[in-house]
Amino acid sequence: MPWRLLRFVTSGKHPEPQMFTHHDGLKKVYDAVIIGAGGHGLAAAYYLARDHGMTNVCVLEKGYIGGGNTGRNTTIIRSNYITPEGVQFYDTSVKLWQDLSQDFDLNLFYATRGHYTLAHTDAALRTMRWRAEVNKHCGVESEVVGPEELRREIPMMDMSCGGHAPIIGALYHAPGAIARHDAVAWGYGRGADQRGVQIHQQTEVLGIEVTAGRVSGVRTSRGFIATSKVLCAVAGSTPRILDMIGVRSPIYIHPLQAMVSEPMKPWLDPILVSGSLHVYISQSARGELVLGASLDPYELHSTRSTLDFTEGLAAHMLELFPFLSHVKIVRQWAGMADMTPDFAPIMGKTPIEGFYLDAGWGTWGFKATPVSGKTMAHTMVTDTPHPLITGFSLDRFRNYALTGEKGAASVGH
Amino acid sequence: MKIINCPINGPRPVSEFFYWGQMRVMPDPVASSDDEWADYVFNCNGAPGVKREWWCHTPSNTWFIIERDTEKDQIVRTYLYGEEE
Ligand SMILES: Cc1cc2nc3c(=O)[nH]c(=O)nc-3n(C[C@H](O)[C@H](O)[C@H](O)COP(=O)(O)OP(=O)(O)OC[C@H]3O[C@@H](n4cnc5c(N)ncnc54)[C@H](O)[C@@H]3O)c2cc1C
């Protein structure tokens, strides 16, 4: 061991720069409290401080920064949704992603790879044409391509899928990308921290104080905080928080699992999704295949993983890429997905004054991290929903005005 | 949770079963207000707890109720609808 390293280890002082400021305790009063230090909560804190000069803000996290779905997702970023509301919203996010590494001075490994949604049936192809038209209308690059292009671009793929689900075309979305998820949380967190926002990890919200229909404070595992604005950005824990204030919602929680293979030489550039086979796959910068499938079949508030999932996903993956049969799986995990009936998020104001909701991110919320942070910060400061999120209000379920995004969100992420 | 006790067929692997969601009581569609009806159609009790759920044993098409802790993933008991003691 080199001498300097040995001295460094034994000195007990580790003077490397700390990414986040350590705070001894909570203040008694904040202008705003954000529950959840996932990407969404931290992004909202960042834009509150950067764009609105609001810095007497704290972010409360019961575990650690990015330890929720932000650190568990398969990082697919795209905007080829099916409703105009969705397309415009996610397209704004894709644009924000482009210069985030610059903003943060931190490499997010943002890689534009292109994204293919495979069609195995006429019905799937029909939905894709519809999506392509809506996308193009909103100025988003999106087109239906035939088997020749797929054969050329992904030569390793078995176009017949073992004979029973032949691929007849695909929706191609050139801006489709992946990024390093932990770095996204750290970048937003550090940016907020540097501007004066306090991030408190190991601090769980246990209750919310409401006085005459208005938020007045938050009860935490480390004491009480007075505040008039609360943002709830807790993804899989949303129903628990809503229970504290008696707000009803359609959010239901199912686990979503994912896994990665051992690393191999680069052979897959684009991101692939097959709704019919319930799989999606991309190859990370480290060479691992990042693999995902559909939701677990029943409600569960836990992050356990199952062998059923690995077997099912592996079987479908082999239909697309039979040569992977020798490749080993090295990790598997789960997150708690906060699902909505129409596969669109729930964002904005709630029946409780000063209580703002950023939830219903299910299996699709990572890509929305920048835009949801920005629009929620705007909504909190002005107490009016940002124009990009009016289609996502909690009210839509009372008014039977759903934003049907299922055709573009399920399995597709 | 790997094995479910079907009230008709006894213990069977979970892969033989299908989940159909929480048991809910439908309000009277004529007497209920628009808000009550929307609440019934869309909203649910999403927080963890012991819940009563519809499940089906697919090979025998047996529909029945499971009382399950949705945080621990543990079954409290299973019974046919209407046969709860
Ligand atoms: C396996 C998997 C794959 C996915 N793949 C994709 C994908 O490819 N593309 C995509 O766009 N999306 C994907 N998603 C969805 C995406 O990960 C989420 O929608 C997104 O990360 C949500 O971010 P968030 O910041 O809202 O929530 P989270 O990152 O979950 O953060 C919420 C935080 O709140 C904290 N918290 C909860 N309760 C409390 C409390 N009482 N007090 C204090 N803190 C609390 C939690 O500890 C957590 O850290 C995937 C999800 C999973 C699980």
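Sequence order sets the numbering: in each chain, residues are counted from 1 along the sequence as written. Chains and ligands are labelled by the order in which they are written, letters from A for the one and numbers from 1 for the other. Residue-level local features of this predicted model are given only where pLDDT is at least 70; pairs of side-chain atoms are given and counted only at 80 or more, and the full residue set underlies all totals for whole chains, interfaces and linings. Water and hydrogen atoms play no part in the side-chain values, which are based on all heavy atoms of the structure.

## Describing the packing of aromatic side chains
Residue and element names in this part refer to chain A.
Next, step 1: Planes of paired rings set the category: under 30 degrees apart is stacked, over 60 is edge-to-face and the rest tilted, where pairs are Phe, Tyr or Trp rings (Trp by its six-membered ring) whose centres lie within 6.5 Å. Tallied over the full model, the rule gives 26 aromatic pairs over all chains.
Next, step 2: Centre to centre, the rings of F343 and W364 are 5.5 Å apart; their planes meet at 35 degrees, and the pair counts as tilted. With F343 in the loop between strand 18 (329-339) and strand 19 (346-349) and W364 in the loop between strand 20 (355-359) and helix 10 (369-382), the pair connects residues that are 21 residues apart, well separated along the chain.
Next, step 3: Only protein chains enter the accessibility calculation, which uses a 1.4 Å probe; a residue is then buried when its area is under 20% of its type maximum, exposed when over 50%, and partly exposed in between. Assessed through its relative accessible area of 9%, F343 is described here as buried.
Next, step 4: Under the relative-accessibility criterion, W364 is labelled buried at 1%. Every helix listed is a DSSP run of H or I at least four residues long, and every strand listed is a run of E at least two residues long, numbered separately from the N terminus.

## Regarding the pairing of strand 16 (residues 279-283) of chain A
Residue and element names in this part refer to chain A.
Next, step 1: Of all 5 residues in strand 16, 5 are buried; the element is thus mostly enclosed.
Next, step 2: What you see with strand 16 is no split at all: V279, I281 and Q283 on one side and Y280 and S282 on the other are buried throughout.
Next, step 3: Bridging between strand 16 and strand 17 (residues 289-292) involves 4 bridges; their strand directions are antiparallel. Bridge assignment links Q283 to a residue of strand 17, and that residue is L289. Two strands pair under a simple rule: DSSP has to find at least two bridges between them.

## Description of helix 5 (residues 122-137) of chain A
Residue and element names in this part refer to chain A.
Next, step 1: The terminal C-alpha atoms of helix 5, which comprises 16 residues, lie 23 Å apart, in line with the 22 Å expected from a rise of 1.5 Å per residue.
Next, step 2: Within the sequence span of helix 5, burial applies to A124, L125, M128, R131, A132, V134 and N135.
Next, step 3: By definition, residues are in contact when any of their heavy atoms lie within 4.5 Å. Along its buried surface, helix 5 packs onto helix 3 (84-98), strand 5 (115-119), strand 6 (143-145), strand 7 (169-173) and helix 11 (406-409).
Next, step 4: Immediately beyond the C-terminal end of helix 5, within one or two residues, lies G139, with a positive phi of roughly 80 degrees. To estimate the expected span of a helix, count its residues, drop one, and scale the result by 1.5 Å.

## Describing the interface of chain A and chain B
Next, step 1: Contacts between chain A and chain B engage 22 residues on the former and 23 residues on the latter.
Next, step 2: Overall, the association of chain A and chain B removes approximately 1900 Å² of surface from exposure, summing both partners, and the carbon and sulfur fraction of that is 53%.
Next, step 3: The largest contributions to the chain A side of the interface with chain B come from R248(A), Y298(A) and E299(A), which together make up 34% of the buried area.
Next, step 4: Whenever Lys or Arg places a side-chain nitrogen within 4 Å of a carboxyl oxygen from Asp or Glu, that contact is recorded as a salt bridge. The tally of links from chain A across to chain B stands at 5 salt bridges.
Next, step 5: Here a polar contact is taken to be a pair of N or O atoms separated by no more than 3.5 Å, where protein atoms must pair a possible hydrogen donor with a possible acceptor and residues adjacent in sequence count only if both atoms sit in side chains. Applying the counting rule to chain A against chain B returns 11 residue pairs in polar contact (both at pLDDT 80 or more).
Next, step 6: Elements represented by at least two residues in the side of chain A that touches chain B include exactly helix 8 (238-245) and strand 14 (252-261) of chain A.
Next, step 7: Of the residues belonging to the side of chain A that touches chain B, the class tally is 11 nonpolar, 4 polar and 7 charged. Buried area adds together the accessible area that both of two parts lose upon being put together, with accessible area traced by a 1.4 Å probe. Residue classes follow a fixed rule: Ala, Val, Leu, Ile, Met, Phe, Trp, Tyr, Cys and Pro count as nonpolar, while Asp, Glu, Lys and Arg count as charged, and any other residue, Gly among them, counts as polar.

## With respect to a nonpolar patch on the surface
Next, step 1: Residues form patches when they are more than 30% accessible in relative terms and have no salt bridge. Like charges link within 9 Å. Nonpolar side chains (Val, Leu, Ile, Met, Phe, Trp, Tyr) link within 5 Å. Methods summary: accessible areas were calculated by the Shrake-Rupley approach with a probe of 1.4 Å, and residue burial reflects only the protein chains presented. A cluster of nonpolar side chains, namely L5(A), F8(A) and V9(A), defines an oily patch on the protein surface of about 250 Å² accessible area.
Next, step 2: As for its placement among the helices and strands, V9(A) is situated in helix 1 (residues 3-11).

## Observations concerning the UniProt feature "domain: Rhodanese" (unreviewed entry) in chain A
Next, step 1: UniProt positions are given in the numbering used here, feature names are shortened, and annotations may be inferred rather than shown by experiment. With numbering matched to this structure, UniProt assigns "domain: Rhodanese" (unreviewed entry) to residues 33-76 of chain A.
Next, step 2: As a span, residues 33-76 of chain A carries 32% helix and 18% strand, and end to end its C-alpha atoms are 29 Å apart.

## Here's the deal with the site of the ligand
Residues and elements named next belong to chain A.
Next, step 1: For each residue, the test is whether any non-hydrogen atom lies within 4 Å of the molecule or strand; if one does, the residue is near. In the region of the ligand, 37 residues are neighbours, and E61, N69, T70, T74 and K367 sit closest.
Next, step 2: A distance of 2.9 Å is found between an oxygen atom of the ligand and a backbone nitrogen or oxygen belonging to I76.
Next, step 3: K367 places a polar main-chain atom, nitrogen or oxygen, 2.8 Å from an oxygen atom of the ligand.
Next, step 4: Coverage of the ligand by the protein chains reaches 97% of its 1000 Å² of free accessible surface.

## Here's the deal with helix 9 (residues 307-320) of chain A
Residues and elements named next belong to chain A.
Next, step 1: Here helix 9 is 14 residues long and its end C-alpha atoms lie 20 Å apart, about the 20 Å a rise of 1.5 Å per residue gives.
Next, step 2: By the burial criterion, the buried members of helix 9 are F309, T310, L313, M317, E319 and L320.
Next, step 3: One side-chain oxygen of the residue at the start of helix 9 lies 3.3 Å from the amide nitrogen of F309, identifying that residue as T306.

## Considering the side chain of H120(A)
All names here are of chain A.
Next, step 1: Relative to the assigned elements, H120 resides in the loop between strand 5 and helix 5.
Next, step 2: Overall, the relative accessible area of 9% leaves H120 in the buried class.
Next, step 3: A distance of 2.7 Å separates a polar side-chain atom of H120 from the backbone oxygen of A165.
Next, step 4: Reaching out from H120, the side chain makes a polar contact with the side chain of S274 at a distance of 2.8 Å.
Next, step 5: The contacts of H120, once residues within four sequence positions are left out, are C161, A165, P166, I167, I168, S274, S276 and L277.

## Some details on the packing of helix 3 of chain A against helix 10 of chain A
Residue and element names in this part refer to chain A.
Next, step 1: Helix axes use the C-alpha atoms of the stretch in contact, all axes being lines fitted to C-alpha atoms, and the angles between their N-to-C directions lie in the range 0 to 180 degrees. Contact geometry of helix 3 with helix 10 gives a least axis separation of 7 Å together with a crossing angle of 105 degrees. In terms of their interaxial angle, helix 3 and helix 10 are classed as roughly perpendicular. Taking contact as the criterion, the partners of F89, T92, S93, L96 and W97 in helix 3 are, on helix 10, T369, P370, V371, S372, K374 and T375.
Next, step 2: Of the residues contributing to the contact of helix 3 with helix 10, the split by class is 5 nonpolar, 5 polar and 1 charged. Here roughly perpendicular refers to angles of 65 to 115 degrees, roughly parallel to angles under 35, roughly antiparallel to angles over 145, and oblique to all remaining angles.

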